[in-house]
Amino acid sequence: MSTVIKGGTIVTADRTYKSDVLVDGGKIIEIGENLSGDETLDASGCYVMPGGIDPHVHLEMPFMGTHSADNFEIGTRAGLAGGTTMVVDFCLPSPGQSMMEALAIWQQKSGAACSDYSYHMAVTWWGEQVFNEMQEVVDRGINTFKHFMAYKGALMVDDDEMFASFQRCAALGAMPLVHAENGDVVATMQQKLLAEGNNGPEAHSYSRPPEVEGEAANRAIMIADMAGVPLYIVHTSCEQAHEAIRRARQKGMRVYGEPLIQHLTLDDSEYSNPSWDHAAQRVMSPPFRSKQHQDSLWAGLQSGSLQVVATDHCAFTMEQKRFGVGDFTKIPNGTGGLEDRMPMLWSTGVRTGRLTMNEFVAVTSTNIAKILNMYPKKGAILEGADADIVVWDPNRSKTITAANQQSCVEYNVFEGREVVGLPRFTLTRGKVAIEESTVKTEPGHGEFVGREPNAPVGAALSKWKEITAPRKVERRPELMPAGV
Ligand code: DUC
Ligand code: ZN
Ligand code: ZN
Ligand code: ZN
């Protein structure tokens, strides 16, 4: 059965034009005037855009003694409700666990996904087994490897491990991702704050200042350049990390930065709220920053030094957050955002004039589809592309509230925000999953999206330079120190 999206204005990362879109068999089969199909979706007054891609989510992830509350079914439904048609989750082997074993667990968890999905693989420990398995992971369509520079004693990898893994990525044509925070400094600051009696959620943000993130971002960039590999820095939240990315890019390095919608729109005054629950709900890493850091992130999206807006969706219930009463280091780190990313960015970005509509599409969908090597299957309104489409009504509005959200947690960090700009329809591979406030999602409809290596083997240079092989210098015997 074919579907025609009629009377709308197509908005892509490149251009804006009036046209109909004909969809069949899960794909866009024609773009043109006066098209007809078995079913017609009225897009008049709407923008027809590539569905959003959220490249940073944690669904049902084991973490900090519990697991994140939204599973793949709930998380992908929340995404679709807000115009996001694909998510990329992090497959997280526990230290010592085989990547293949972890992948099998993730494949089982994602079986009920309502939209398409992919994975990044995390390198949480290092050894010959990991080195070998990375090839198998790439063969299974996963071309990105995540490294935690924080969470000491748990997920964190040291510099020697990171350097070894980055070189392996270069050899495989894969790209490393980093969570950039200096885990040693964070651990020391946490102990100091607790010893001084600072045990509330506000101390979480004191233990992870912007310098901690800037230092790690700089370090990861230099190590990536030495390994000759591009680098993607997740949840870039502050000027210090953004500055490191800008400088690297100006020098010709392929370094990408990903601000979160939370860091763009919520600031560190949230931690001063007199309610413990309110502050703890907003505990995530990196923490929310001051207004100056927000301005820096917006400027990065506008100038192109930052390329992607994600969520790091990692929702915990109040019961889980309260594990940290009396000790902020035990509050599970994470906030939700999957359902709200697109409406919040439209409202605070496009409606304020900070982003054009085309830039909105670029940072919510097209840029990451290219970076992850899945364009134009995803991230495009083109004939032959997957029909992952959002028909965006710029005049639909709502007040965000936990009472009406898809996420299973009982609060929302954007509670009370008025958003203008919402999906009229969200289509996942041609199927209407959302029609205004009616949810028609199908658990299990989602498919895994495999991604080829980004670059030919050994060619994933971070910048255009020849890496010179070490050359031993021949020295004249009479100029050698005596006795050698
Ligand atoms: N930060 C969070 O807040 N949650 C999940 C993992 C992370 O790095
Ligand atoms: Zn569990
Ligand atoms: Zn992280
Ligand atoms: Zn994350």
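Note that this is a predicted model, so its numbers are computed, not measured. (Residues numbered from 1 in each chain as written. Chains lettered and ligands numbered in written order. Predicted model: local features only at pLDDT ≥ 70, side-chain atom pairs only at ≥ 80, totals over all residues. Heavy atoms only, no water.)

Peer 1: Mind laying out the overall build of the chain, listing which residues take part and the relevant values?
Peer 2: Tallying secondary structure elements over the chain gives 14 helices and 20 strands in all. Over its C-alpha trace the chain gives a radius of gyration of 23 Å, about what one expects of a compact globule, namely 23 Å for 484 residues. C-alpha extents for the chain along the principal axes are approximately 90 × 55 × 40 Å. Buried residues in the chain amount to 61% of all 484 residues. Looking at the chain alone, contacts between residues at least 24 apart form 76% of all its contacts between residues at least 6 apart. For the chain, the accessible surface area stands at approximately 18,500 Å², while carbon and sulfur atoms represent 49% of it. Positive and negative side-chain charges in the chain, numbering 44 and 60 respectively, have mean positions lying 5 Å apart. (Helix = DSSP H or I, 4+ residues; strand = E, 2+ residues; numbered from the N terminus. Rg over C-alpha atoms; globule rule 2.2 N^0.38 Å. Buried < 20%, exposed > 50% of the residue type's maximum accessible area, 1.4 Å probe, protein only. Contact = heavy atoms within 4.5 Å. Areas by Shrake-Rupley, 256 points an atom, 1.4 Å probe, with all protein chains shown as cover. Lys, Arg positive; Asp, Glu negative; His and termini not counted. Charge placed at Lys NZ, Arg CZ, Asp CG, Glu CD.)

Peer 1: An account of the UniProt feature "domain: Amidohydrolase-related" (unreviewed entry) in the chain is requested, with residue identities and associated values reported.
Peer 2: Mapped onto the present numbering, the UniProt feature "domain: Amidohydrolase-related" (unreviewed entry) falls at residues 47-418. Annotated as 40% helix and 15% strand, the span residues 47-418 places its first and last C-alpha atoms 20 Å apart. (UniProt positions renumbered as here; feature names shortened; annotations may be inferred.)

Peer 1: Lay out the site of ligand 1 with the relevant residues and their values.
Peer 2: Around ligand 1 sit H58, F63, Y151, H179, H235, M284, S285, D312, C314, N333 and G334, and that is every residue in its neighbourhood. The separation between an oxygen atom of ligand 1 and a polar side-chain atom of H179 is 2.9 Å. In this structure, an oxygen atom belonging to ligand 1 sits 2.9 Å away from a main-chain N or O atom of S285. Here ligand 1 has 240 Å² of accessible area as a free molecule, and 100% of this is covered by the chains. Class assignment for the residues of the shell around ligand 1 results in four nonpolar, six polar and one charged. (Near = heavy atom within 4 Å. Polar contact = N/O pair within 3.5 Å; in protein donor to acceptor, adjacent residues only side chain to side chain. Nonpolar A, V, L, I, M, F, W, Y, C, P; charged D, E, K, R; others polar.)

Peer 1: How would you sum up the sheet that holds strand β7 (residues 47-50)? Please name residues and give values.
Peer 2: Strands sit in the order β3-β2-β7-β17-β18-β19-β20 across an open sheet of seven strands; the sheet is mixed. Sheet topology places β3 (16-18) and β20 (438-439) at the edges, where each strand pairs with a single neighbour. Its contacts with the sheet put helix α14 (residues 357-371) on β2 (9-11), β3 and β7, and the angle it makes with β7 is roughly 30 degrees. (Pairing = 2+ DSSP bridges. Axes fitted to C-alpha atoms, helices over the stretch in contact; angles between N-to-C directions.)

Peer 1: Break down the pattern of salt bridges for me, with residues and values.
Peer 2: Across all of its chains, the model carries 25 salt bridges by this definition. Across the pair K192 and E196 runs a salt bridge, and its minimum N-O distance is 3.0 Å. A salt bridge links K398 to E339, with the nearest nitrogen and oxygen atoms 3.8 Å apart. Of the two residues, K398 is situated in strand β17 (residues 389-399) and E339 in the loop between α12 (318-321) and α13 (341-350); the sequence distance between them amounts to 59 residues. K398 sits in the partly exposed class, given a relative accessible area of 28%. Its relative accessible area of 9% is what places E339 among the buried residues. Several salt bridges share partner residues, and in doing so they unite K27, D116, K377, K378, D386, D388, R429 and E447 into one network. (Salt bridge = Lys/Arg side-chain N within 4 Å of Asp/Glu carboxyl O.)

Peer 1: Just give me the short version of the confidence of the model for the chain, but keep the residues and values in it.
Peer 2: With 98% of its residues at a pLDDT of 70 or more, the chain shows a mean pLDDT of 96. Interface confidence for the predicted complex, given as ipTM, is 0.91, next to a pTM of 0.97. (pLDDT = per-residue confidence, 0-100.)

Peer 1: Outline the packing of aromatic side chains, supporting the account with residue identities and numerical values.
Peer 2: Here the structure, examined in full by the defined rule, presents eleven aromatic pairs. Their ring planes at 65 degrees and their centres at 6.0 Å tell us that F148 and Y151 sit as a pair that is edge-to-face. Per residue, the accessibility class of F148 equals that of Y151, and both read buried. In this structure an aromatic cluster arises from ring pairing among Y47, W346, F360 and W392. (Phe/Tyr/Trp six-rings, centres within 6.5 Å; stacked < 30°, edge-to-face > 60°.)

Peer 1: Give a description of unusual backbone geometry that names residues and reports values.
Peer 2: Of note, the bond from S285 into P286 is cis; its omega dihedral lies within 30 degrees of zero at -5 degrees. In this fold, P286 is placed in the loop between α10 (276-281) and α11 (291-303). The peptide bond linking Y375 to P376 adopts the cis configuration, its omega dihedral lying at 0 degrees. In this fold, P376 is placed in the loop between α14 and β17. We note that D312 has phi near 55 degrees; this positive angle belongs to a residue other than glycine. Residue placement: D312 occurs in the loop between α11 and α12. Judged by its relative accessible area of 8%, D312 is buried.

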